[in-house]
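Understanding the architecture of this molecule
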Amino acid sequence: MIKTRNSVRVWLTALMGFWIIQGFSGPTPPAYGEDGAVYKNLIIFSDVIDEIEKNYVDPVESEALIKKAVQGMVRSLDPHSSYLDAEEYEALHEDTKGEFSGIGVVLTIKDDILTVISPIEGTPAHKAGIRAGDVIVKINGDSALDMSINDAVNKIKGAKGTRLTLTVRRKGEAAPITYDLVRDDIPLESVKSVTLSPGYGYLSISNFNENTTKDTEKALGLLEKESKGLKGLVLDLRGNPGGLLQQAVSISDLFIKKGIIVSIRGRNPSDSQLWEARDSGKEKTWPMVVLINGGSASASEIVAGALQDHKRALVLGTPSFGKGSVQNIKPLGDGSALKLTVARYYTPSGRSIQAEGIIPDIDLGYARLKKEVAQDFIKEKDLKNHLKSAGEETPSETPAAVQAESPVVSTGTVVTDTLNMRKSDDASSALIKVLAKGSKFNVLERLENNWIRISHGKDVGYVNGLSRYVSLEDPEDDADEFGKPDKARLLLDSQIKQALDLLISYRIFSGAK
């Protein structure tokens, strides 16, 4: 049914009054200006709706137009403010409790483009190889251009076992990459821990939900018990997109005795607040190294910034994401809600996190280290007619130095019709053989620009096309899903290995026992 201009104006006036009273009531009413600029613009708004209703080629509902206008208005403010309809508002609660089904990817709008902040460890997105910084261009074949985060999340979520196609563009790749994914339950289990070396623990927090502090305290207790007292801790916040502010504060409070943990400052005094550590007498005092990267955002940046400013931990990795804004959710009368940015986060020293991120004390990128291979060296005792040690009776035989074969880091399958296997990681190098679709192979090494060194039968060579032409299966990664992390695999991570070496070195050079 087509409404008149007057009815639209009446509706807008009522809406304005409701908005002012319910959502933004306070000591100071909205400033309309002496010239009534806001009212004039609302008249223009109603005129546009009236014109669309009367003359647009297809019939339209004014209510739908107004909701879309509100969505666009709020989205224009910043990437994190949004208007949530009743269904989206209800779904928001799933982010911090229970489980939901999807692929396990955290999104943001960057430069007006739908972008991956980070995949959640152990989920379908993480296993498939989706990376932080990937730009989503299609979801199930539908263009993601101008798609809101809420719309994208609704398309990505779905029943466990159902399929989803995600097409992304990646820096350094000429063509888009398409992933065929199967949705799964995404448990919000956020804490993993393991002893890396006697006395040195590893704790990973993948997000901050309502159970994170409780689970962290339990994990730390087990690490202490296993090592009979810890000498150092590696706290891994890489790829952690954030979560509940209060959980970030309470995690920081486990390691900080007193002082500010984080403060927020907004335009209105009611939106400004600070949180301080409580001196419980039970704070953990071990030396710490915190790991961060470009996927560390929001709550994880609060923890890293607090520990860094209090000189409580050394921060290692690459600069964090820089999401330092606070969103407040105002429920509206029809079951919808307004998610609005109202303040910015500041670290204890007064640094703004927003768009700056946390800068690590040691800037070190990630690299996968090669597994150490067994090697026998010729020693003095192996030399013919060597001078014997006291009590030595018989000379030992001289063994040849043996270099073990390259270890298999994972296995793979060809998923395209054919795949060329070459002598080197160069598309112009000699062809060894052509692998058919379904061929299985061993992965010996992952190289730059999507090249992989593989073995197939008795042949060793190189193929290109990681994530597009081959599917990799890593038994170690599968075994680690939501469980206790594999120590040997973690120590092949250059950042974790460096963190452990720093803790051990500190212990040695400080003279601590």
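Notes on the structure follow. (Residues numbered from 1 in each chain as written. Predicted model: local features only at pLDDT ≥ 70, side-chain atom pairs only at ≥ 80, totals over all residues. Heavy atoms only, no water.)

1. Structural notes on the overall build of the chain
When helices and strands are counted, the chain shows 12 helices and 26 strands. For the chain, the residues scored as buried account for 40% of the 513 residues in total. Contacts in the chain between residues at least 24 apart in sequence constitute 66% of all its contacts with a sequence separation of at least 6. Carbon and sulfur atoms make up 53% of the accessible area of the chain, which totals about 28000 Å². (Helix = DSSP H or I, 4+ residues; strand = E, 2+ residues; numbered from the N terminus. Buried < 20%, exposed > 50% of the residue type's maximum accessible area, 1.4 Å probe, protein only. Contact = heavy atoms within 4.5 Å. Areas by Shrake-Rupley, 256 points an atom, 1.4 Å probe, with all protein chains shown as cover.)

2. Points about the pairing of strand β3 (residues 105-110)
In terms of burial, β3 is a largely internal element, five of the six residues being buried. In terms of strand pairing, β3 meets strand β4 (residues 113-119) through six bridges, oriented antiparallel. Across the sheet, I109 pairs through a bridge with L114, a residue of β4. (Pairing = 2+ DSSP bridges.)

3. Some points on helix α9 (residues 299-309)
Turn by turn, an α-helix covers 3.6 residues, leaving residues three or four places apart pointing in a common direction. Burial analysis of α9 places 10 of its 11 residues in the buried class, the great majority of the element. Among the residues of α9, those classed as buried are A299, S300, E301, I302, V303, A304, G305, A306, L307 and Q308. Buried residues in α9 make contact with β12 (232-236), α8 (245-253), β13 (260-266), β15 (288-292), β16 (314-317) and β18 (337-346).

4. A short note on the side chain of S252
Mapped onto the elements of the fold, S252 is located in helix α8. Classification of S252 by relative accessible area gives buried; the value is 0%. Here A248 takes part through its backbone oxygen, which lies 2.9 Å from a polar atom of the side chain of S252. Ignoring anything within four residues of it in the chain, the contact list for S252 reads I261, V303 and A306. (Polar contact = N/O pair within 3.5 Å; in protein donor to acceptor, adjacent residues only side chain to side chain.)

5. Regarding the sheet that holds strand β10 (residues 191-197)
In spatial order, the strands read β10-β11-β12-β15-β16-β19; together these six strands make up an open sheet with mixed pairing. Each edge of the open sheet is held by one strand with a lone partner, namely β10 and β19 (362-363). Note that β15 and β16 share four bridges and pair parallel. Bridge pairing links V289 to L314 in β16.

6. A word on the packing of α8 against α9
Here α8 crosses α9 at 25 degrees, and the two axes come no closer than 9 Å. Taken together, α8 and α9 sit at an angle that is classed as roughly parallel. Our pair here, α8 against α9, has a crossing hand that is right-handed. Each of L245, A248, I251 and S252 in α8 lies in contact with α9, whose residues at this interface are A299, I302, V303 and A306. (Axes fitted to C-alpha atoms, helices over the stretch in contact; angles between N-to-C directions. Parallel < 35°, antiparallel > 145°, perpendicular 65-115°, else oblique. Left-handed = near helix turned anticlockwise from the far one by under 90°.)

7. Some details on unusual backbone geometry
In this structure, D112 is a non-glycine residue whose phi angle is positive, near 65 degrees. Classification of D112 by relative accessible area gives exposed; the value is 67%. The backbone of A355 shows a phi angle near 65 degrees, a positive value even though the residue is not glycine. Structurally, A355 can be placed in the loop between β18 and β19. Under the relative-accessibility criterion, A355 is labelled exposed at 62%.

8. Notes on helix α6 (residues 149-156)
Of all the positions in α6, only N150, A152 and I156 are classed as buried. For α6, the buried positions fall inside an angular range of 160 degrees around the axis, keeping them on one side. (Arc of directions from axis to C-beta.)

9. Here we look at the packing of helix α7 (residues 212-227) against α8
Here α7 crosses α8 at 25 degrees, and the two axes come no closer than 9 Å. Between α7 and α8, the angle falls in the class roughly parallel. Judged by residue contacts, T212, T213 and T216 of α7 engage Q247, S250 and I251 from α8. Partitioned by chemical class, the residues of the contact of α7 with α8 number one nonpolar, five polar and no charged. (Nonpolar A, V, L, I, M, F, W, Y, C, P; charged D, E, K, R; others polar.)

10. Topic: the packing of aromatic side chains
Tallied over the entire structure, the rule returns zero aromatic pairs. Taking the ring centre of Y346 as reference, the NZ or CZ of R265 above it sits at 3.9 Å. (Phe/Tyr/Trp six-rings, centres within 6.5 Å; stacked < 30°, edge-to-face > 60°. Lys NZ or Arg CZ within 6 Å of the ring centre and 35° of its normal.)

By themselves, these figures tell us nothing about what the structure is for.
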